[in-house]
Amino acid sequence: MQKLLNEWRQYLTEAKQFRKADTQKAIAKYKGRKITGTNLDLGGFLDNIARVESGYNPKAENGQYIGAFQLGKSFYGSSPNVAFNPYKAAKIAANFFMNRSPRVFEQNSEMYKVAKEKYGAGVCHYILYNQGATGGRRLLYVAVGMENKIPKGYFEKTILPNMKGQGIRIIEPFLDNAVIGNQVKADAFVRYFENKFNF
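Residues numbered from 1 in each chain as written. Predicted model: local features only at pLDDT ≥ 70, side-chain atom pairs only at ≥ 80, totals over all residues. Heavy atoms only, no water.

1. A short note on the environment of Phe174
- On the secondary structure map, Phe174 appears in helix α11 (residues 172–176).
- With 112 residues separating them in the primary sequence, Phe174 and Asn62 have C-alpha atoms 23 Å apart.
- Setting aside residues no more than four positions away along its own chain, Phe174 makes contact with Ile180, Val184, Lys185 and Ala188. (Helix = DSSP H or I, 4+ residues; strand = E, 2+ residues; numbered from the N terminus. Contact = heavy atoms within 4.5 Å.)

2. Describing the side chain of Arg138
- Looking at where Arg138 falls in the secondary structure, it is placed in helix α9 (residues 133–143).
- This buried residue, Arg138, is left without a salt bridge; Glu147 holds the nearest opposite charge, at 11 Å.
- With near-sequence residues (within four places) excluded, Arg138 lies in contact with Ile150, Pro151, Tyr154 and Ile159. (Buried < 20%, exposed > 50% of the residue type's maximum accessible area, 1.4 Å probe, protein only. Lys, Arg positive; Asp, Glu negative; His and termini not counted. Salt bridge = Lys/Arg side-chain N within 4 Å of Asp/Glu carboxyl O.)

3. Focus on the packing of helix α8 (residues 121–131) against α9
- At their nearest, the axes of α8 and α9 sit 6 Å apart, and the two run at 130° to each other. Considering their axes alone, α8 and α9 lie oblique with respect to each other. Handedness of the α8/α9 crossing: right-handed. Counted together, Cys124, Ile127, Leu128 and Gln131 of α8 and Ala133, Gly135, Gly136, Arg137, Leu139 and Leu140 of α9 form the full contact between these two elements.
- Taken together, the residues that form the contact of α8 with α9 break down as six nonpolar, three polar and one charged. (Axes fitted to C-alpha atoms, helices over the stretch in contact; angles between N-to-C directions. Parallel < 35°, antiparallel > 145°, perpendicular 65-115°, else oblique. Left-handed = near helix turned anticlockwise from the far one by under 90°. Nonpolar A, V, L, I, M, F, W, Y, C, P; charged D, E, K, R; others polar.)

4. What about the packing of aromatic side chains?
- This model, assessed by the stated rule, comprises 14 aromatic pairs.
- Judged by centre distance (6.1 Å) and plane angle (65°), the rings of Phe18 and Tyr87 are edge-to-face. With Phe18 in the loop between α1 (2–17) and α2 (20–28) and Tyr87 in helix α6 (residues 86–107), the pair connects residues that are 69 residues apart, well separated along the chain.
- Measuring from centroid to centroid gives 4.5 Å for Tyr126 and Phe197, while their planes differ by 45°, and the two rings are tilted. Of the two residues, Tyr126 is situated in helix α8 and Phe197 in helix α12 (residues 182–197); the sequence distance between them amounts to 71 residues. We note that Tyr126, like Phe197, is buried.
- Linked through ring pairs, Phe45, Phe75, Phe96, Phe97, Tyr126, Tyr129, Phe189, Tyr192, Phe193 and Phe197 together constitute an aromatic cluster.
- Across from the ring centre of Tyr154, 4.3 Å away, lies the NZ or CZ of Arg138, which sits over that ring. (Phe/Tyr/Trp six-rings, centres within 6.5 Å; stacked < 30°, edge-to-face > 60°. Lys NZ or Arg CZ within 6 Å of the ring centre and 35° of its normal.)

5. Comments concerning α9
- Among the 11 residues in α9, 10 count as buried, and that is most of the element.
- Here α9 has its buried residues at Ala133, Gly135, Gly136, Arg137, Arg138, Leu139, Leu140, Tyr141, Val142 and Ala143.
- At its buried positions, α9 is contacted by α6, α7 (109–119), α8, α10 (154–165) and α12.
- In the stretch just after α9, Gly145 is the one whose phi turns positive, near 85°.

6. Examining the nonpolar core
- Within the largest apolar cluster, 60 residues are counted, with the highest numbers of intra-cluster contacts made by Leu46, Phe69, Phe97, Tyr129 and Leu140.
- In this view, Leu46 contacts Ile27, Tyr30, Phe69, Ala90, Ala93, Ala94 and Phe97; residues no more than four positions away in its chain are not counted. (Core = buried A, V, L, I, M, F, W, Y, C linked by side-chain atoms within 4.5 Å.)

7. Here we look at the pattern of salt bridges
- Taken as a whole, this structure holds five salt bridges when the rule is applied.
- For Lys164, the salt bridge is made with Asp176, and the minimal N-O distance between the two is 3.4 Å. Of this pair, Lys164 sits in helix α10 while Asp176 is found in helix α11, placing the two residues 12 residues apart along the sequence.
- Residue Arg191 is joined to Glu194 by a salt bridge in which the shortest nitrogen-to-oxygen separation is 2.9 Å. With Arg191 and Glu194 both in helix α12, this residue pair falls three residues apart, about one helical turn.

8. Let's talk about unusual backbone geometry
- Even without a glycine there, the phi angle at Tyr56 is positive, about 70°.
- Checked against the element boundaries, Tyr56 lands in the loop between α3 (42–54) and β1 (61–62).
- The buried category is assigned to Tyr56, whose relative accessible area is 10%.
- Phi is positive for Gln70, close to 50°, though the residue is something other than glycine.
- As for its placement among the helices and strands, Gln70 is situated in the loop between β2 (65–66) and α4 (73–76).

Taken by themselves, the reported measurements are silent on function.
Right, dumping it as structure tokens:
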């Protein structure tokens, strides 16, 4: 019990000490670096995410998504204080965009070629960040009309509930309509983020 109390105190201390300016300083470290395999400026990309997702607020919370970069549990594990520290959170997000997402697209080059042309590289990388590498990759397969490349029923069992869980009102009619095909639903989701971020 004492250990839990100490972790909670550390969590509160970590969350309180950082401000918007810290998030902007953390991002500045990555300005001028390119996301692997793209012409996208990593610092600009991180800046866009922090600005839109949290207004650079390192204390932002949205369910399990926390901090300036709205990291989920798959990023911070059992240490949410990492997500509230903009320097550590920026490093985690940068690592994802420099290593994990490029590797996923390298291994799925046929899909990425089509998705990149349809949505742009920035949106593709963000979808992996938003949905997790596996979920985002499979969502993009569906969005570009290659649903046959993912396990049968995966869209209905996993991707669709994850998309609905984001509570995006403007696309809810598409997601809830049984007559609309999976590709249209996935495309609406990706297009929402394409318009939201304007990468």
